[in-house]
Amino acid sequence: MQRETVLILDFGSQFNQLIARRVRELGVYCELIPFSTPIEKIKAYEPKGIIFSGGPKSVYEEDSPRPDDGIYSLGVPIFGICYGCQLIAQRFGGQVFRGESEYGKCTLNRRDGKTVLFDGLPQESICWMSHSDYVRDLPDDFRVTASTDNVPNVGFEDDKRKIYCVQFHPEVAHTEKGKDIISNFLFKACRLKGDWNMANFAAEQIELLREKIGDKKVLCALSGGVDSAVAATLIHRACPNLICVFVDHGLLRKNEAEEVVRVFAGEQKMNLIKVDAQDEFLDALKGACEPEKKRKIIGSHFIKVFEREAKKIGKVDFLVQGTIYPDRIESGLNGSATIKSHHNVGGLPSVVDFKEIIEPLRDLFKDEVRALGFTLGLPESIVMRQPFPGPGLGIRIMGEVTREKLEILREADCIYREEIAKAGLDKSVWQYFAVLTSTQTVGVMGDYRTYDYTLALRGVTSVDGMTADWARIPYEVLDIVSRRIVNEVKSVNRVVYDITSKPPATIEWE
Ligand code: XMP
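Residues numbered from 1 in each chain as written. Predicted model: local features only at pLDDT ≥ 70, side-chain atom pairs only at ≥ 80, totals over all residues. Heavy atoms only, no water.

**Some words on the sheet that holds strand β10 (residues 218-221)**
What counts here: Should DSSP find at least two bridges between two strands, the strands are regarded as paired. To qualify as a helix, a DSSP run of H or I must reach at least 4 residues; to qualify as a strand, a run of E must reach at least 2; elements of each kind are numbered from the N terminus. Comment: axis = line fitted to C-alpha atoms, over the contacting stretch for helices; angle = value between 0 and 180 degrees taken between N-to-C directions. By definition, residues are in contact when any of their heavy atoms lie within 4.5 Å.
Across the sheet, which stays open at both edges, the five strands sit in the order β12-β11-β10-β13-β14 with parallel pairing between neighbours. Each edge of the open sheet is held by one strand with a lone partner, namely β12 (271-276) and β14 (354-358). When strand polarity is set aside, the average angle formed by the axes of neighbouring strands in this sheet is 25 degrees. In the sheet, strand β11 (residues 242-248) pairs with β12 via six bridges, with the strands oriented parallel. Pairing of isoleucine 243 across the sheet is with asparagine 271, part of β12. Packing of helix α5 (residues 198-213) onto the sheet brings it into contact with β10, β13 (316-320) and β14, and relative to β14 it is tilted by some 170 degrees.

Below is the structure:
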């Protein structure tokens, strides 16, 4: 079963993932691949369209990236964006000039005559530029289709060769008609069906997984997070022998463990083994105050508990991993210093006796994973769950983790989440949670002096957690949260709101 596929050749632009997002939103499956991918590999995808991305280089630089020249003879429609458009112009004999840098919004003017890309667009619209070179002279057979005040050949096409170019960035939101332009390429130039959606994906995958797995044994570490939840549910629909192991390390939020059991064992009727390891984790954490030490203890203990359970199950044929597409795009690129040792299930393969890993979500973006979750009937509480770190509340309690502190934090965090949802902010604030600090301050309640904990509230807006800004939660909402917490949660007499972005801070406090 070959999906209709569009390939995006990556020439290094910071907007490349956005191009892929736009294409997928329009119902077409696409993959982002390195510009240097050999032509045989490109052919194997049987692409129905190819997009050249922008990039930071100039076509005049010695090491400027270029695709395998065979790409121009495939007869597949090509869409060149920014650097991609300059590359194409130069390849076919046009003249690219080094000009002044131009960034930001410009008015795009359609030129008279036939055009595929701008079909149905108004005479004028706003587009977003980010370039220094521009195409001064078009190659033979190409027609100009749009201009701006500064750049005459801002759009050009060659119907015979099926090549379509724009100097600006249609993938960014500031380009008013960007989505229409990409849509014209996909549906008018490439004549695609646009049948990429999560209902089709689920049906296709369930069939493939059924064939591959049959009645063999599959193991999945369920964390309650979106990715592992959706991956497990998809596999469950395809094969009868899925065993899910859920380790409750006692560092989850209020009612979270119960919710996982209710949804997966109850509603979804999965074979779920819940391992109650709360005491073990708390014992292991006794006396540990330093963040990295706590992270390491939780991470290694998780593996130990999982290994013990896996041994009881014995050899399995497949191990499920909730890897998603951005994980694959980003892996290998990240040679940066360790800020925090992240804990997740990535360390499991070495402790499980299995034959093969299956990653059913490896081609999906996060929002597609969520859409698939809804398609499979998972509830909003699981599908829209905000990111939650593997070490859980263990890194939201400053200093030593104790039962008493966990109880305080759970109650306060629950009030915060309730009020954010009531205020209708739970979709716009990317992540919001409470942190129990190790600071105690003096307060007054009734006629009495108190000496209790300071609780911090964190709320951030972000796209991917790599950078973040503090969320401007209205004062009235913060006021309600603060009053409720000091009144309803014992041992907290002061609430503060964190107004630091990332960088220089991180999202979590530890
Ligand atoms: P930081 O605190 O590094 O967090 O700015 C960025 C995002 O990652 C989450 N986070 C983790 N996720 N294991 C995870 O799976 C971890 O150990 C971990 N630590 C932080 C954090 O909640 C935020 O969304």
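Once the structure has been displayed, the description carries forward.
**Re the side chain of serine 64**
The cut-off we apply is this: Pairs of N or O atoms are called polar contacts if they sit within 3.5 Å, as long as, within protein, a hydrogen donor faces a hydrogen acceptor (for residues adjacent in sequence, only side-chain-to-side-chain pairs).
In this fold, serine 64 is placed in the loop between β3 (49-52) and β4 (78-81). There is a polar contact of 3.0 Å between the side chain of serine 64 and the backbone oxygen of glutamate 61. Those residues in contact with serine 64, other than ones at most four positions away along the chain, are Ser58, Val59 and Tyr83.

**Quick look at the packing of aromatic side chains**
How we decide: Stacked, edge-to-face and tilted labels apply to pairs of Phe, Tyr and Trp rings (six-membered ring for Trp) whose centres lie within 6.5 Å, assigned for plane angles under 30 degrees, over 60, and everything in between, in that order. Relative accessible area decides the class of each residue, using a 1.4 Å probe on protein chains only: under 20% of the type maximum gives buried, over 50% gives exposed, and in between gives partly exposed.
Taken as a whole, this structure holds 16 aromatic pairs when the rule is applied. Measuring from ring centre to ring centre gives 5.5 Å for phenylalanine 11 and tyrosine 83, while their planes differ by 50 degrees; the resulting arrangement is tilted. Residue phenylalanine 11 is found in the loop between β1 (5-10) and α1 (16-25), and its partner tyrosine 83 is found in helix α3 (residues 83-91); the two are separated by 72 residues along the sequence. Across the pair, tyrosine 83 and phenylalanine 11 agree in class, each one buried. Ring geometry for tyrosine 325 versus phenylalanine 365: centroids 5.4 Å apart, planes at 90 degrees, classification edge-to-face. With tyrosine 325 in helix α10 (residues 325-330) and phenylalanine 365 in the loop between β14 and α11 (366-375), this residue pair connects regions lying 40 residues apart in the sequence. Owing to a relative accessible area of 2%, tyrosine 325 belongs among the buried residues under this scheme. Taking the relative accessible area as the measure of exposure, phenylalanine 365 reaches 3% and is therefore buried. A network of ring pairs unites the aromatic residues Phe11, Phe35, Phe52, Tyr72, Tyr83, Phe92, Phe142 and Phe156 as a single cluster.

**Section: unusual backbone geometry**
That bond from lysine 502 to proline 503 is cis: its omega, -15 degrees, falls within 30 degrees of zero. Between proline 503 and proline 504 the backbone carries a cis peptide bond, its omega angle lying at 10 degrees. As for its position among the elements, proline 504 is in the segment after β18 (492-497). Its identity as a non-glycine residue notwithstanding, lysine 269 has a phi of 55 degrees, on the positive side. Relative to the helices and strands, lysine 269 is located in the loop between α7 (256-267) and β12. For lysine 269, a relative accessible area of 63% gives the class exposed. Positive phi, close to 75 degrees, is recorded for serine 491, a residue that is not glycine. For serine 491, the location among the structural elements is in the loop between α14 (475-488) and β18.

**Concerning the domain arrangement of the chain**
Spelled out, the test is: What fixes the domain bounds is an automatic or database domain assignment. Buried area is calculated as the accessible area (1.4 Å probe) missing from two parts once they are joined, with the contributions of both summed. We define a salt bridge as a side-chain nitrogen of Lys or Arg found within 4 Å of a carboxyl oxygen belonging to Asp or Glu.
If you check the domain split of the chain, you get domain 1 (5-189), domain 2 (198-383) and domain 3 (402-497). The centre of domain 1, based on its C-alpha atoms, is set 39 Å off from the matching centre of domain 2. Counting each side, the surface lost to burial between domain 1 and domain 2 is near 730 Å², with a carbon and sulfur contribution of 43%. Looking at the side of domain 1 facing domain 2, the largest losses of area belong to Gln17, Arg21 and Arg24, adding up to 67% of the total buried there. Our count for the contact surface shared by domain 1 and domain 2 stands at two salt bridges.

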